[in-house]
Protein chains: 2
Amino acid sequence: MSSEQLAELAGVNAAKVRKDLSYLGSYGTRGVGYDVSELVDEIAHELGLTQDWPVAIVGLGNLGRALANYRGFGARGFRIVALVDADPDKVGGSVGELDIESIDDLGAIVADRNVAIGVIATPAGVAQEVTDRLVDAGVGSILNFAPAVVTVPDGVSLRKVDLATELQILSFYQQHRPTPTPLVDAGAPTPPATAVQATRRR
Amino acid sequence: MSSEQLAELAGVNAAKVRKDLSYLGSYGTRGVGYDVSELVDEIAHELGLTQDWPVAIVGLGNLGRALANYRGFGARGFRIVALVDADPDKVGGSVGELDIESIDDLGAIVADRNVAIGVIATPAGVAQEVTDRLVDAGVGSILNFAPAVVTVPDGVSLRKVDLATELQILSFYQQHRPTPTPLVDAGAPTPPATAVQATRRR
DNA sequence: CTCTGTGAAATTTTTCACAGCG
DNA sequence: CGCTGTGAAAAATTTCACAGAG
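Residues numbered from 1 in each chain as written. Chains lettered and ligands numbered in written order. Predicted model: local features only at pLDDT ≥ 70, side-chain atom pairs only at ≥ 80, totals over all residues. Heavy atoms only, no water.

**Considerations on the pairing of strand β8 (residues 141-144) of chain B**
Residue and element names in this part refer to chain B.
At step 1: Burial along β8 is two-sided: the residues Ser-141 and Leu-143 and Ile-142 and Asn-144 are all buried.
At step 2: Note: strand β7 (residues 117-120) against β8, 4 bridges, orientation parallel. Along β8, the bridge assignment pairs Gly-118 with Ile-142.
At step 3: Taken together, β7, helix α7 (residues 127-137) and β8 form a β-α-β motif whose crossover is right-handed. (Buried < 20%, exposed > 50% of the residue type's maximum accessible area, 1.4 Å probe, protein only. Helix = DSSP H or I, 4+ residues; strand = E, 2+ residues; numbered from the N terminus. Pairing = 2+ DSSP bridges. Right-handed = clockwise from strand over helix to strand, strands pointing away.)

Right under this line is the structure:
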């Protein structure tokens, strides 16, 4: 597959694809393109996806349950090894194959199962406390879904997914839409809309 | 509050805060700083958050239910006005205050309730089809949680939240962590770790 | 001939640094 | 004085464009 095709699929410039891939090394063949399975392997290796990263989910409300059931994790090599909650009513219950354990046992759980990544799906109010507990237990990466800013010490990675922020960004574009409702004949070649775009290609 | 303080809270450079805010106009007071509530109002206005953007959620598996129950949406002015699924067993059920309706009624639902934003929480396999249906119905912004790349016509905004991608990014940093497990005396000033950081400040 | 890999150019983003307002 | 607003500089990112490998 050529950089041109990859670029089309990703919605970016072909030169960017080539430049980015060049940082991995020279895995393309001039005049031909890239071997996709080779690329997949190389990228997986570079991203550390060939290793097994045990994941613990803290907080088993609706979002935590959704994440626990999310099949996309296993598919990409992330193994959920623990579900932890503070609510005594939830502890002892289970989601899928896994039992819900008490956050008081976090230290032992992280140590025993080598938890590398902690996912926070708790209410905002306890997010920082949970983060601190995870860090103290030795977890090196945190993915925070709680609508709260949390801080971590140097050396710990932190990412935040804020669902409301995503909607706010859409709202911005929605407000700046070329036409509030594009009342164009179905079948017309293409609406003349060309303005600020959140959209990628086509 | 000064740009310095705002920058500290956001984990960015103070000049960047000032430069960014300057695009809204001149809402600061020299020698003093910014009036936070004024900033909140101005930013809300610029982002279109003073308007009401009706949201429809398509797909009511675990993730869809979590999103439907997510209190952060209402708190920031997004009103969920419809829950839609293709599964006849789910249609007629409800989540919170809202009934689950059939995707076959999508056109009427979008038109009646002025749905502006569609949230896709379906399996990957039907994400493109659902996207097309939403766009045909007149929805101008799409937030895609399905682990699938979907395309939209020009003039429609699209954002994607990929949970597994977030983990992959963490995995990358985890793999490049300064020390696998920072075995530093608790109480030591600060671990000497200084390397590639996903972390913001402190 | 086609398509990669990559210097160099163009563009965008971020930071510096300071005039000047309150 | 202290802190904003902003030109100008610096840095980072993206794109161009083309030599040269296959």
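**Comments concerning the interface of chain A and chain B**
At step 1: Listed as interface residues are 60 residues of chain A and, on the opposing side, 60 residues of chain B.
At step 2: When chain A packs against chain B, the two sides together hide about 5700 Å² of surface, and 59% of this comes from carbon and sulfur.
At step 3: One salt bridge in this structure joins Asp-162 of chain A and Arg-76 of chain B, with 3.0 Å as the shortest N-O distance.
At step 4: Summed over the shared surface of chain A and chain B, the result is 19 residue pairs in polar contact (both at pLDDT 80 or more).
At step 5: When contributions to the side of chain A that touches chain B are tallied by element, the ones reaching two or more residues are α3 (36-47), β3 (53-58), α4 (62-69), α5 (71-75), β7 (117-120), β8 (141-144), β9 (157-160) and α8 (163-175) of chain A.
At step 6: For the side of chain A that touches chain B, the leading source of residues is α8 of chain A, giving 13 residues.
At step 7: Its residues assigned to classes, the side of chain A that touches chain B shows 31 nonpolar, 19 polar and 10 charged. (Contact = heavy atoms within 4.5 Å. Buried area = accessible area lost by both parts, 1.4 Å probe. Salt bridge = Lys/Arg side-chain N within 4 Å of Asp/Glu carboxyl O. Polar contact = N/O pair within 3.5 Å; in protein donor to acceptor, adjacent residues only side chain to side chain. Nonpolar A, V, L, I, M, F, W, Y, C, P; charged D, E, K, R; others polar.)

**A closer look at the side chain of Ser-3 of chain B**
Residues and elements named next belong to chain B.
At step 1: The residue Ser-3 is located in helix α1 (residues 3-10) in this model.
At step 2: For Ser-3, a relative accessible area of 9% gives the class buried.
At step 3: When sequence neighbours within four positions are dropped, the list of residues in contact with Ser-3 reads Ala-14, Val-17, Arg-18 and Tyr-34.

**Topic: the sheet that holds strand β3 (residues 53-58) of chain B**
Residue and element names in this part refer to chain B.
At step 1: Overall, mixed pairing links the 7 strands, which are arranged β5-β6-β4-β3-β7-β8-β9 in an open sheet. Of all strands in the sheet, those bounded by a partner on one side alone are β5 (94-95) and β9 (157-160).
At step 2: As defined by bridge partners, β5 adjoins strand β6 (residues 98-102) across 2 bridges and the pair is classed as antiparallel. In the strand pairing of β6, Val-95 is matched with Leu-98.

**Here's the deal with the pattern of salt bridges**
At step 1: Scanning the model with the defined rule gives 18 salt bridges over all chains in all.
At step 2: The residue Arg-159 of chain A makes a salt bridge to Glu-166 of chain B at a minimum N-O spacing of 2.7 Å. Of the two residues, Arg-159 of chain A sits in strand β9 while Glu-166 of chain B sits in helix α8 (residues 163-175), which places them in two different chains.
At step 3: For Glu-166 of chain B, a relative accessible area of 13% translates into the label buried.
At step 4: Between Asp-85 of chain B and Lys-90 of chain B there is a salt bridge, and its shortest N-O distance comes to 3.9 Å.
At step 5: Here Asp-85 of chain B falls in the buried class, since its relative accessible area comes to 8%.
At step 6: Members of the salt-bridge network, linked through shared partners, are Arg-76 of chain A together with Lys-160 and Asp-162 of chain B.

**Concerning the domain arrangement of chain A**
Size of an interface: often given as the accessible area lost when the parts come together.
At step 1: Domains assigned within chain A are domain 1 (3-46) and domain 2 (53-166).
At step 2: The distance between the C-alpha centroids of domain 1 of chain A and domain 2 of chain A comes to 34 Å. (Domains from an automatic or database assignment.)

**A look at the packing of aromatic side chains**
Residue and element names in this part refer to chain A.
At step 1: With the rule as written, the count across this model stands at 4 aromatic pairs over all chains.
At step 2: Here Tyr-70 and Phe-73 contribute two aromatic rings whose centre-to-centre distance is 5.0 Å and whose plane-to-plane angle is 80°, an arrangement assigned as edge-to-face. The two residues Tyr-70 and Phe-73 agree in class, both being buried. (Phe/Tyr/Trp six-rings, centres within 6.5 Å; stacked < 30°, edge-to-face > 60°.)

**Quick notes on α8 of chain A**
Residue and element names in this part refer to chain A.
At step 1: Spanning 13 residues, α8 covers 19 Å between terminal C-alpha atoms, matching the ideal 18 Å at 1.5 Å per step.
At step 2: Along α8, the residues that are buried comprise Leu-163, Ala-164, Glu-166, Leu-167, Gln-168, Leu-170, Ser-171 and Gln-174.
At step 3: A distance of 3.0 Å separates the backbone nitrogen of Ala-164 from a side-chain oxygen at the start of α8, and that oxygen is part of Asp-162. (Expected span 1.5 Å × (residues − 1).)

**A look at the relation of the copies chain A and chain B**
At step 1: For the match of chain A to chain B, the screw axis carries a shift of 0.0 Å, the RMSD comes to 0.1 Å, and the turn is 180°. Accordingly, the operation relating the two chain copies is best matched by a two-fold axis.
At step 2: Both copies present the same face, since 100% of the interface residues in chain A are matched by interface residues at the equivalent positions in chain B. (Least-squares fit on C-alpha atoms with pLDDT ≥ 70 in both.)

**Here's the deal with the protein's contact with DNA strand C**
At step 1: Ser-3, Arg-18, Arg-30, Gly-31 and Tyr-34 of chain A are the nearest of the 21 residues found near DNA strand C.
At step 2: Considering DNA strand C, the proportion of its atoms within 4 Å of the protein that are sugar or phosphate atoms stands at 60%.
At step 3: Tyr-34 of chain A places a polar side-chain atom, nitrogen or oxygen, 2.7 Å from a phosphate oxygen of DNA strand C.
At step 4: Within the side chain of Arg-30 of chain B, a nitrogen or oxygen atom sits 3.5 Å from a base nitrogen of DNA strand C.
At step 5: Residue assignment for the surface near DNA strand C shows that the elements contributing at least two residues are α2 (14-22), β1 (28-29) and β2 (33-34) of chain A together with α2 (14-22) of chain B.
At step 6: For the surface near DNA strand C, the leading source of residues is α2 of chain B, giving 4 residues.
At step 7: Its residues assigned to classes, the surface near DNA strand C comprises 4 nonpolar, 10 polar and 7 charged. (Near = heavy atom within 4 Å.)

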